[in-house]
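So you can see what is in the structure, the chains are spelled out below.
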Amino acid sequence: MIFILEEVIYQESRPRISIDRVIRDHDFTMPSKHFHNEYEIYYLVKGQRYYFIENESYFVDEGSLVIINKNQVHKTATYENPYHDRIVLEFNESILGELTSLSNFSIPSFFQNYYGVIPLDKELQKQVHYLFIRIHKELKNKDCLSFFMVSMYLMEIIIIANRIA
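Now for a quick tour of the structure. Nothing here was measured: the structure is a model prediction, and the numbers come from that model.

## Some remarks on the pairing of strand S1 (residues 6–14)
Piece 1. Bridge count between S1 and strand S2 (residues 17–24): 8 bridges; the pairing is antiparallel. Paired with Tyr 10 across the strands is Arg 21, a residue of S2.
Piece 2. Between the end of S1 and the start of S2, which pair antiparallel, lie 2 residues, with Arg 16 showing a positive phi angle near 80 degrees.

Structure representation (structure tokens):
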């Protein structure tokens, strides 16, 4: 008998944003390419994957961010070892509201110019992983300030990615 692990560690959703973390130990390739109206940030906690974006194929190693623009065709696929632990965050740019209006930083411009894989060093991996955990906890919390905290943590991830892209 073969046991297949597909464990949803967490999954939270609110208007304009969703996050989920899934661990799989079996061969998993999305059946087809897809796109959606939200921006996507994919973080590979452990393992290795292939990520297809538009007409390009990227190798993704653990500790890397994958930046997907809204309406951009994409799909993940198994690399050699099927085990992987990943976090996917999808969001509408309106969630960042006032934070982006305080500077000249443009979310659409960032996602249009820097889509693809961004490897992180060990220090940034810890920082980004912590921010994803905080986003999940705040989305779960749902008090009157949690949405603002989610926006700040998300913006911090984007700023980190922008600085090293």
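## Some details on the nonpolar core
Piece 1. Residues Ile 41, Leu 65, Phe 91, Phe 132, Leu 154 and Ile 158 are the most contacted members of the largest nonpolar core, which totals 35 residues.
Piece 2. Those elements giving two or more residues to this core turn out to be S2, strand S3 (39–53), strand S5 (64–68), strand S7 (84–91), helix H2 (107–113), helix H3 (122–141) and helix H4 (146–164).
Piece 3. When residues in this core are grouped by element, the largest group, 9 residues, is from H4.
Piece 4. Core analysis: the next-biggest nonpolar cluster, separate from the first, contains 9 residues, Tyr 42, Leu 44, Ile 53 and Tyr 58 among them.

## Quick notes on the side chain of Thr 78
Piece 1. Along the polypeptide, Thr 78 turns up in strand S6 (residues 74–78).
Piece 2. Judged by relative accessible area, Thr 78 falls into the buried class, the value being 14%.
Piece 3. A distance of 2.9 Å separates the side chain of Thr 78 from the backbone nitrogen of Phe 28, its partner in a polar contact.
Piece 4. What Thr 78 contacts, discounting residues up to four positions off in sequence, is Asp 27, Phe 28, Thr 29, Arg 49 and Tyr 50.

Conventions adopted
Note that residues are indexed from 1 along each chain, following the sequence as it is written. Owing to the predicted nature of the model, reporting of local features is limited to residues with pLDDT of at least 70; listing and counting of side-chain atom pairs is limited to 80 or more, with chain, interface and lining totals taken over all residues. Side-chain metrics rest on all non-hydrogen atoms present in the structure, leaving aside hydrogens and water. Pairing between strands is defined by DSSP: at least two bridges between the two strands are required. The helix and strand labels rest on DSSP assignments: H or I over at least four residues marks a helix, E over at least two residues marks a strand, and numbering proceeds from the N terminus. Residue types Ala, Val, Leu, Ile, Met, Phe, Trp, Tyr and Cys, when buried and joined through side-chain atoms within 4.5 Å, form a set referred to as a nonpolar core. Per-residue accessibility, obtained with a 1.4 Å probe over protein chains only, is compared with the maximum for each type, and a residue is labelled buried under 20%, exposed over 50%, and partly exposed between these values. As used in this structure description, the phrase polar contact means that two N or O atoms lie within 3.5 Å; if the pair is within protein, one of them must be able to donate a hydrogen and the other to accept it, and residues adjacent in sequence are counted only when both atoms belong to side chains. By definition in these notes, contact holds between two residues if any of their heavy atoms fall within 4.5 Å.

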